[in-house]
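One letter stands for each residue in the lines below.
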Amino acid sequence: MSGLFGEKTTRARSVVAEFLTRPAALACLPAVSLAVYWMGGDSALITVAAIMPLIYLLTFGPGGINTDQATALQHGLTDTALFDTLVAERFKEAREGALSSAIFKIEIDEGTEFPDRLGHAATETIVARVGERIFAALREGDLVAKTGDYKFTACLKPVRQLDLELCIQLAGRLQAALEEPISIDGTSVYLTSSVGFCQHSHVINQSSMAWLDAARTALREAQAHGPNAIRAYSNEMKRRSETRAELRQEVANALEAGHIRPWFQPQISTDTGLVTGFEALARWEHPDRGMISPADFLPAIEQSDMLERLAEVMMYHAFAALKAWDEAGVSVPQIGVNFAGPELKNPRLIDKVRWELDRFDLTPERLAVEVLETVVARAPDDIITRNINGLGQLGCRIDLDDFGTGHASIASIRRFSVSRIKIDRSFVMKADRDPDQQRMISAILTMAERLGVETLAEGVETVGEHALLAQLGCDHVQGFGIAKPMPFEETQDWIIRHNAKLQDMPRILGNRTG
């Protein structure tokens with residue numbers, strides 16, 4: 001067949017397939033036949049009838065699209081393999097015709113959590129609805145394909161005018177379409193999405209694959225600033241992406257070489273002013289580039305699936321620091337170590353923590369397991385829940401980090417035996433000058449007091465914020481206003497200087513009367 005028709009057959013197949021990406025296309029075929037008969041009579045109708053089987057074979061027969069592809073077409077979506085072919089054609093069409101186009105990458109934020117939260121059947125329904133909404137939000141002639149479990153890609157039909165502002169407006173329209181609630185078994189599910197796009201003009205001298213890669217880079221950039229972010233591809237973004245790729249290659253070696261280790265930020269009592277603990281925060285001192293921001297290397301560690309290894313490194317050095325402070329006669333009651341999703345899913349986590357505590361001859365209450373509120377709010381009754389509760393039963397303290405940002409319920413706080421909530425910086429900022437902030441903090445502190453849970457305010461930067469939090473009854477504070485994170489070698493001298501200053505300073509009295 002290909003020898004007989006050559007490139008014309010290939011092109012016919014693509015045209016037919018693109019025609020069939022519209023759900024109403026097949027329904028139009030009877031109308032087309034009647035129109036042909038009306039205009040050309042019996043002979044024309046016979047000709048069309050003879051051609052129809054050929055069209056069907058070209059599209060659905062050997063070398064054409066398969067059953068899965070046909071199902072996708074019925075929902076308005078183009079099959080992934082066919083999509084790449086059509087993108088290549090549109091890339092060429094736009095370049096040769098001096099036209100404008102763009103590729104959009106859309107991904108459902110936190111989609112990977114849906115199966116655990118909602119079940120697989122509900123997740124499939126949600127993803128299908130998302131595809132339909134994206135398709136409906138675009139113009140006739142635009143292509144859409146499902147290119148990942150929770151990801152879709154759209155390629156716009158080349159047109160004369162398509163500037164950056166129009167692309168941003170379209171991205172916003174796509175996000176707005178996905179934000180409308182989806183009803184699942186009588187329950188409304190709300191979504192957000194990240195969108196990255198690349199205009200054809202940015203890769204005009206490259207290839208369709210480079211075009212797709214650029215849109216993918218823009219999506220990653222949006223996700224790094226998300227949820228619900230939009231980013232347009234740029235050359236600067238490309239350079240940042242290449243740097244991150246280099247970091248991913250180096251991060252494993254850096255962990256094993258000891259270049260990534262904790263720096264320690266003190267936490268102090270608002271009642272006594274004494275140090276009540278330190279939080280271990282990952283820092284990377286690169287031998288050539290110097291200090292690398294956690295905002296840069298932590299995503300690289302996550303993308304390299306090494307968060308669990310990072311937690312092991314942080315816990316080892318944190319326990320070593322506690323042991324060293326004890327031996328130096330310096331009082332540090334506890335140390336906080338952050339635990340994210342991957343390590344909390346390890347069925348051997350409790351045994352691992354117990355072994356490390358025994359190794360350093362430390363009691364469990366010396367470890368504060370810091371868990372993000374978003375993790376607690378969304379954790380189903382699974383291994384994460386069992387691990388958090390198991391660590392609490394072991395005697396470790398459970399700190400709920402970034403409280404106020406993840407919608408954890410009071411029931412969640414009780415279910416996980418939370419020892420302390422850490423009030424997020426967004427509530428603390430300018431609290432001494434903003435009555436609304438003060439009321440929010442007061443509400444959180446009142447709730448914590450009723451539940452018998454301690455409180456710590458993060459991101460305290462000014463004397464005014466510190467004084468207000470003490471007066472409102474917050475138990476502990478942490479932030480640049482007390483001290484920045486520091487390497488272990490500096491901590492003992494800082495503690496000595498801090499305790500010396502306490503002798504000469506009036507104590508900030510907290511309101512403990514309720």
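Structure first, text after, so check above.
Summarised in this report is the structure supplied together with it. Not measured: the values here are computed from a predicted model.

### Some details on the overall build of the protein
Okay, so step 1: The number of helices and strands found in the protein is 21 helices and 16 strands.
Okay, so step 2: For the protein, the residues scored as buried account for 45% of the 514 residues in total.
Okay, so step 3: Residue pairs in contact within the protein that sit at least 24 positions apart in sequence constitute 70% of those at least 6 positions apart.
Okay, so step 4: Total accessible area computed for the protein in this model is approximately 25,500 Å², and 53% of it derives from carbon and sulfur atoms.

### Here's the deal with the packing of helix H12 (residues 307-327) against helix H14 (residues 349-359)
The description of two packed helices rests on the angle between their axes and on the distance between the axes.
Okay, so step 1: Running from N to C, H12 and H14 point in directions that differ by 25°, and their axes come no closer than 10 Å. With respect to H14, the element H12 is oriented roughly parallel. H12 and H14 meet at a crossing whose hand is right-handed. Contacts between H12 and H14 involve Glu308, Glu312, Met315, Tyr316 and Phe319 on the former and, on the latter, Lys352, Val353, Glu356, Leu357 and Arg359.
Okay, so step 2: In terms of residue class, the contact of H12 with H14 is made up of five nonpolar, no polar and five charged.

### Concerning the side chain of Glu279
Okay, so step 1: Note on placement: Glu279 falls in strand E9 (residues 275-286).
Okay, so step 2: A distance of 3.1 Å separates the side chain of Glu279 from the side chain of Asn338, its partner in a polar contact.
Okay, so step 3: There is a polar contact of 2.7 Å between the side chain of Glu279 and the side chain of Gln478.
Okay, so step 4: Not counting chain neighbours up to four residues away, the residues in contact with Glu279 comprise Trp263, Phe264, Gln265, Gln267, Gly336, Asn338, Glu370, Lys422 and Gln478.

### Details of the pairing of strand E15 (residues 454-457)
Okay, so step 1: In the sheet, strand E14 (residues 420-423) pairs with E15 via four bridges, with the strands oriented parallel. Of the residues in E15, the one forming a bridge with Arg420 is Glu454.
Okay, so step 2: Of the strand pairs in this sheet, E15 and strand E16 (residues 476-477) are connected by two bridges, and their pairing is parallel. What sits directly across from Leu456, in E16, is His476.
Okay, so step 3: The parallel pair E15 and E16, bridged by helix H20 (residues 463-472), forms a crossover whose chirality is right-handed.

### Some thoughts on the sheet that holds strand E6 (residues 193-199)
The strands that make up a sheet pair up through hydrogen bonds in the backbone, lying either parallel or antiparallel.
Okay, so step 1: If you trace the five strands from one edge of the open sheet to the other, you get E2-E3-E1-E6-E7, paired in mixed fashion. Lying at the two open borders of the sheet, with one neighbouring strand each, are strand E2 (143-146) and strand E7 (230-232). Averaged over all neighbouring strand pairs, the angle between strand axes comes to 15°, with direction disregarded.
Okay, so step 2: Pairing of E6 with E7 involves three bridges; the strand directions are parallel. Paired with Phe197 across the strands is Ala232, a residue of E7.
Okay, so step 3: Its contacts with the sheet place helix H7 (residues 120-137) against strand E1 (102-108), E2 and strand E3 (151-155), and it is angled at close to 15° to E3.
Okay, so step 4: Set on the sheet, helix H8 (residues 164-179) makes contact with E1, E6 and E7; between it and E6 the angle comes to about 155°.

### Topic: the packing of aromatic side chains
Okay, so step 1: Evaluation of the coordinates by the stated rule reveals nine aromatic pairs.
Okay, so step 2: Between Phe91 and Trp211, the ring centres sit 5.9 Å apart and the planes meet at 55°, which makes this aromatic pair tilted. One end of the pair, Phe91, is in helix H5 (residues 80-96); the other, Trp211, is in helix H9 (residues 208-224), with 120 residues separating them in the sequence.
Okay, so step 3: Measuring from centroid to centroid gives 5.9 Å for Trp284 and Phe297, while their planes differ by 85°, and the two rings are edge-to-face. Within this pair, whereas Trp284 is found in strand E9, its partner Phe297 is found in helix H11 (residues 294-303), the two being separated by 13 residues in sequence.
Okay, so step 4: Each residue in the set Phe264, Phe278, Trp325 and Phe488 is aromatic and connected to the rest through ring pairs, giving one cluster.

### As for empty space enclosed by the protein
Okay, so step 1: For the coordinates displayed, the defined rule picks out one cavity of 30 Å³ or more.
Okay, so step 2: Taken as a whole, the largest cavity encloses approximately 40 Å³ of empty space.
Okay, so step 3: At the level of secondary structure, the elements contributing two or more residues to the lining of the largest cavity comprise H12 and H14.
Okay, so step 4: Ranked by residues supplied to the lining of the largest cavity, first place goes to H12 with four residues.
Okay, so step 5: Classifying every residue of the lining of the largest cavity gives four nonpolar, one polar and four charged.

What counts and what doesn't
Residues numbered from 1 in each chain as written. Predicted model: local features only at pLDDT ≥ 70, side-chain atom pairs only at ≥ 80, totals over all residues. Heavy atoms only, no water. Helix = DSSP H or I, 4+ residues; strand = E, 2+ residues; numbered from the N terminus. Buried < 20%, exposed > 50% of the residue type's maximum accessible area, 1.4 Å probe, protein only. Contact = heavy atoms within 4.5 Å. Areas by Shrake-Rupley, 256 points an atom, 1.4 Å probe, with all protein chains shown as cover. Axes fitted to C-alpha atoms, helices over the stretch in contact; angles between N-to-C directions. Parallel < 35°, antiparallel > 145°, perpendicular 65-115°, else oblique. Left-handed = near helix turned anticlockwise from the far one by under 90°. Nonpolar A, V, L, I, M, F, W, Y, C, P; charged D, E, K, R; others polar. Polar contact = N/O pair within 3.5 Å; in protein donor to acceptor, adjacent residues only side chain to side chain. Pairing = 2+ DSSP bridges. Right-handed = clockwise from strand over helix to strand, strands pointing away. Phe/Tyr/Trp six-rings, centres within 6.5 Å; stacked < 30°, edge-to-face > 60°. 1 Å grid on protein atoms, 1.4 Å probe; cavity = no way out; pocket = protein on both sides within 12 Å on 5 of 7 lines; lining within 4 Å. Points joined across faces, edges and corners; volume = space filled by probe spheres on them.

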